[in-house]
Structures are given as structure tokens and as C-alpha cells.
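Working through the structure, step by step
The primary structure of each chain is shown beneath.
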Amino acid sequence: MSYVRLSGKKRGFFSQYTLWKGGDHVLAVVSNGYSEDYRRFYFKDIQAVIIRPTRRARTITFSLAITAALIALAAFAAAAANQIFMAYLCGIICLSLLIGLLINVLLGPSCSCHLKMPLVTHEMPSLRRLKHAQAMLFEIRPLIRTIQGSLSDEEIKTTFRHLQPGRDLSASSYHSRTSRLSYSSMQEYAGGIHGLLFGLLLIDAALTLAHFYHANVALYFMNMITGIGLFILVIMALIRQKDHSLSQTAKKLTWAVMILLSVDYLLAYCFSIGYFVMARRSEAFQSQWTLFSAMAEIIPAEHPWLAKVYMFHIAGAATFGLCGIISTALWRRQSRSRAISRPAASRVLREEGES
Amino acid sequence: MIAHNHDTGSICCSRCSSPVPAELLGASTGLTCTICGASLVVEVYPALFRGTGPVEVGDSLHAEDEASCYYHPGKRAVVPCAACGRFLCALCDMPLAGQRLCPVCVQLAKAHGQMLALVNHRVLHDRIILSLAIFPLLVFWITIITAPLAISLAVRHWKSPGSLVHKSRARFILAILIAGLEVAGWTTFLVYRFV
């Protein structure tokens, strides 16, 4: 039997996954270079193909672009400091990243593809790009239809009802079932921790702004306390949102806050290390308190890098705090209205069941 | 006797595994999972409604003079095995690649790699031998052992079944050529050095 290669390939460190089209089946080949393992998906058994677009390609593009930009900056800095070797090295790395970025963009949007077979659904690791999945479908669809025949949309719906008359698979029952599922599996959560987090974020933005103009120990201390509080709250919020229902916007904003705080504190840490090791290495700090007060009295406006970190933090914290408070409030209002309408809906369902 | 499997006609979201309603499905549909919000493109084929179908477990003998299954003497034979000719009941009848075989013949065919439809693993001898011919070049003196070994293995596995999808013998030929050159190089060196 001769096989024709289908588009898409997944390369791992020690394995390669490809798909091949045979006379009556698709052959999945996992090769480690010195041996191959095979799995057959017969056209007569393929029940459905499920393609789900994913964000992987966008994440890769974003990560590569950010990294390339940072390395390009480093290359310019090295060139300005007459470090030619470093400048060339950074330039080559940046160029490689840009080539990777271009390839990723040309490959197009990412997806995950599953083949539903009797009793089990298989993921197709080689079909991780939408265009590959579509090309594979284009190749195998006529063969499946030749063997199995084809059904119209109406025939599919009728067959569903005919096969499982006792099981209501209509969209309305699905919504009620899914809502029941979400109510039973996800506990009630009023969004308290998220509200507190976004509120504290606004306070932190205000305190940072105050410290930017009036650098003193008290404000710095308060800022530090809110910073610790923010880290604790963001971790609690992330844990809480994992198992509880909450609006997608609020969930994404919580992750954004986590990233903002991490980047922010990393930058501040790098600055303080650089400042005390480079600029004030001659000074001897007698105790932790003297070091703390020295840090508190650094005027951000006098240090361009620190000023940029402060501005970045203030802008990010104010934006995320405000958006977070609004999205949490909107979600609370929606969940309250759902809670009011739920008894009425359940009464209607009960009456329908009785009738 | 018939056993039914009722796992038919349900499609689940590939992200959250929640079932997708029939009303939303068509022959090729784009839809959004209402649980996790994932966008899905679902293409449904008639096999979805066929399920796994009835499982034949064989009828019992109705009369003493009826032919019985070789493996289940109490059950009525329905077909002879295409390989060994033994009578088989509906349970033992295994249709495979256009033939109707008994479980033992299927087992033997799989063990000997005689039926391509049953092959699920293959060792790629050509790649192993090519690596054996090339990689030792990094530490050249090892080739005095590996080059003859590569040639002998290539001859030995020339007819061994290789990859199901790449059927070319180019790697074997390349390995023999490289190993042959290595052997020739060593021969020349040894002749000039000692003779």
C-alpha cells in the first residue's frame, strides 16, 4: 500500500509526528529517527473532525517580537558603547528571532485538531496550524464521504433525535444543563477578592504617584505594604478564579496585574541593585533601617530609569485597577440578575416537566 | 446474542469536554462552546450515528450434526478461516484486509509481520546503518570496526521490512558506499604502512 504525506508535522526533541493518507485510512507515524510507531484511523470509523483555533501562534509572535525588540535595544546600546562584538552578537540573535517571527506569521493561526473515533477522541499533534488542518480535511473529506456517504444539516439533527429520543439535545436544554453544570461545579463567588485587589491597585497607583513627587519614608513604607498586599491578593485571586465563575475580562485582568507586578518589581530590583552597587558602593549602611531610609529618599525624578519604572507602574496600576473594578461590578450586577431570574426559570422548567 | 454500545451521537468540546448540542451541529459547523467560550469547527460524518454497532457473539448449536466452532464447540460455525481452514463461530470470525481469519492466525500474522494492516512498529535498519557509517567518522579510528560492521548489517537487513511510508533503499546504498570508502581507506593505509 502506498501512502501520500498529509500536510503538517510536529517535531519534538526525540520524536516526529506526521500523517499519511492510505487507501482506506489515515496513518499517524511517530518516528524517533531509528524506529516508527503507527496508528491507523480508518475512514469508515471517523465520526467527526473537531478543529479549535488556539492562541499559541499569537503568543509565540508576541514573545518573539518583545524578545527581538529587547535584544535590538541591547545591540544599539552595545554599539553606542563601542562594544562591536556584543553589538554583532545581539544583532545576529535579533535577526534569528525576526526570521523565526516571520516563519511563525507565515504559518498562520494555530489550532488543535481532534479526530473523533468510536469510543475515543484522538488529538492530532501534527495539525497545530489551521491551514494544515484544513488541508488535511480537504484531502480526506472526499474519501470519508465516498465510504460513509454524506448527511445534510437537517438529516444530522433528525438522526440525533431519532437515535436518542429520551435525551433532549436541543440548544435550550443544553443551556439549562450547562448552566446547571456551572452552578453545581462552580461555587458561588461574589468577586470580593478581585474587587479588593483592583481597589488596592488604585490606591497603590495613587501612593506611587505621591511618592514620585514627595519622596519620604512614610510614603515609601505605605507603598511597600500595599505592594506586599497586592502580591498576596493577586495570588489569592488567581487561585479563587480557577474554580469559581467570574467574567473572562476580570480573569484576564488579574493575570495582567500579576505580570505587571512581576515586571515592575523585577525592574525596581534591578535598579536598586545597580544603584547601590554602582553609585553608592562607597557608603557603608550601618543597619537595615539606614538602607531602607536611603532607598526611600531616592527621588525618582532625578533618575530617568527609575522615573520610567514609576510611570510604567502608575499607568499600569491605574488602568488595570479601574478596568478591573468596572468589570467586577458589571459581573456582580449580571450574576445578581441571574440569581433573581433563576427561581423563576426553575419554576417554569418544573411546570413543563409536570405537564 | 447481540450487545449494543450506546455511545453514539455526541460531540464534546475539545477544550472543556462538555457536550455540544445537536441543534448547533451540521455537516460542517462553526460554533462556540457555551461553557468555556472556545470556538470550534465541527465536521460530522455518518459514522457518528452508527456507533460501534451490534457485537456478534455467536449462536449456540441447534442440532447435533451442525458444524461447530473449533474454539467454541458449543457454538455454530459460520465461516472457515482463510488461512488455516478451521471452522469459526461469529465471535471468532475476524474480518481483516478482505480475509476472514481466526484469532490464532491473526496473532501469527502479526507476530511474523505478514499483514501490513497489523503492523504498528517498525525498526528503521537503513537509518541505523547509515548512522553507523557516518557518525564514527568524528572519531576516525573507530571506523576500522564500524565500517565492515555497517556493510555486513546492510547486507543482512537488505530485505528486512523497513518504514511503511518511506520505501526507498537509498540510505542502504549510501551507507554501503560510505562504509566501502572507509574500508578502502583503511586497506590503503594498512597496505602502505606494513607492506
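Cut-offs used in this document
Residues numbered from 1 in each chain as written. Chains lettered and ligands numbered in written order. Predicted model: local features only at pLDDT ≥ 70, side-chain atom pairs only at ≥ 80, totals over all residues. Heavy atoms only, no water. Helix = DSSP H or I, 4+ residues; strand = E, 2+ residues; numbered from the N terminus. Buried < 20%, exposed > 50% of the residue type's maximum accessible area, 1.4 Å probe, protein only. Contact = heavy atoms within 4.5 Å. Phe/Tyr/Trp six-rings, centres within 6.5 Å; stacked < 30°, edge-to-face > 60°. Lys NZ or Arg CZ within 6 Å of the ring centre and 35° of its normal. Axes fitted to C-alpha atoms, helices over the stretch in contact; angles between N-to-C directions. Parallel < 35°, antiparallel > 145°, perpendicular 65-115°, else oblique. Left-handed = near helix turned anticlockwise from the far one by under 90°. Nonpolar A, V, L, I, M, F, W, Y, C, P; charged D, E, K, R; others polar. Polar contact = N/O pair within 3.5 Å; in protein donor to acceptor, adjacent residues only side chain to side chain.

A word on the side chain of Ser327(A)
All names here are of chain A. Looking at where Ser-327 falls in the secondary structure, it is placed in helix α10 (residues 304-354). Judged by its relative accessible area of 10%, Ser-327 is buried. Other than its neighbours up to four places away in sequence, Ser-327 contacts Ser-247, Thr-249, Ala-250 and Leu-253.

Examining unusual backbone geometry
Phi is positive for Leu119(A), close to 75 degrees, though the residue is something other than glycine. Note that Leu119(A) resides in the loop between β6 (110-117) and β7 (120-123). Here the phi dihedral of Ser17(B) falls at roughly 65 degrees; this positive angle occurs in a residue that is not glycine. Inspection of the secondary structure puts Ser17(B) in the loop between β2 (11-12) and β3 (19-20).

Topic: helix α3 (residues 125-134) of chain B
Considered for burial, the residues of α3(B) that qualify are Asp126(B), Ile129(B), Leu130(B), Ser131(B) and Ala133(B). On its buried side, α3(B) packs onto α4 (143-156) and α5 (170-194) of chain B.

A few points about the packing of aromatic side chains
Applying the stated criterion across every chain, the model contains seven aromatic pairs over all chains. Their ring planes at 45 degrees and their centres at 6.0 Å tell us that Phe212(A) and Tyr310(A) sit as a pair that is tilted. With a gap of 98 residues between them, Phe212(A) in helix α6 (residues 192-213) and Tyr310(A) in helix α10 connect regions that are remote in the sequence. As far as burial versus exposure is concerned, Phe212(A) and Tyr310(A) are alike and both buried. Ring centres of Phe140(B) and Trp186(B) lie 5.6 Å apart, and the angle between their planes is 20 degrees; on these two criteria the pair is classed as stacked. Taken together, the positions of Phe140(B) in the loop between α3 and α4 and Trp186(B) in helix α5 put the pair 46 residues apart, joining distant regions of the chain. These aromatic residues form a ring-pair network of at least three members: Phe212(A), Tyr213(A) and Tyr310(A). The aromatic ring of Tyr42(A) is capped on one face by Lys44(A), whose charged end is 5.7 Å from the ring centroid. The ring of Phe194(B) has Arg193(B) lying over it, and the distance from NZ or CZ to the ring centre is 5.4 Å.

Things to note about the packing of α3(B) against α5(B)
Residues and elements named next belong to chain B. It is at 9 Å that the axes of α3 and α5 come closest, and there the two elements cross at 20 degrees. Between α3 and α5, the interaxial angle falls into the category roughly parallel. Seen from above, α3 lies across α5 with left-handed handedness. Residues His-125, Asp-126, Arg-127, Ile-129, Leu-130, Ala-133 and Ile-134 of α3 touch α5, and the partners they reach there are Arg-171, Phe-172, Leu-174, Ala-175, Ile-178, Ala-179 and Glu-182. Here the contact of α3 with α5 is composed, by residue class, of nine nonpolar, one polar and four charged.

Some thoughts on the environment of Ser14(B)
Position of Ser14(B) relative to the elements: it lies in the loop between β2 and β3. Each C-alpha atom of the pair Ser14(B) and Ala38(B) lies 8.7 Å from the other, and the pair is 24 residues apart in sequence. In this structure Ser14(B) touches Ile50(A), Arg52(A), Ser112(A), His114(A) and Leu40(B), once residues within four positions along its chain are discounted. A distance of 3.0 Å separates polar atoms of two side chains, one belonging to Ser14(B) and the other to Arg52(A).

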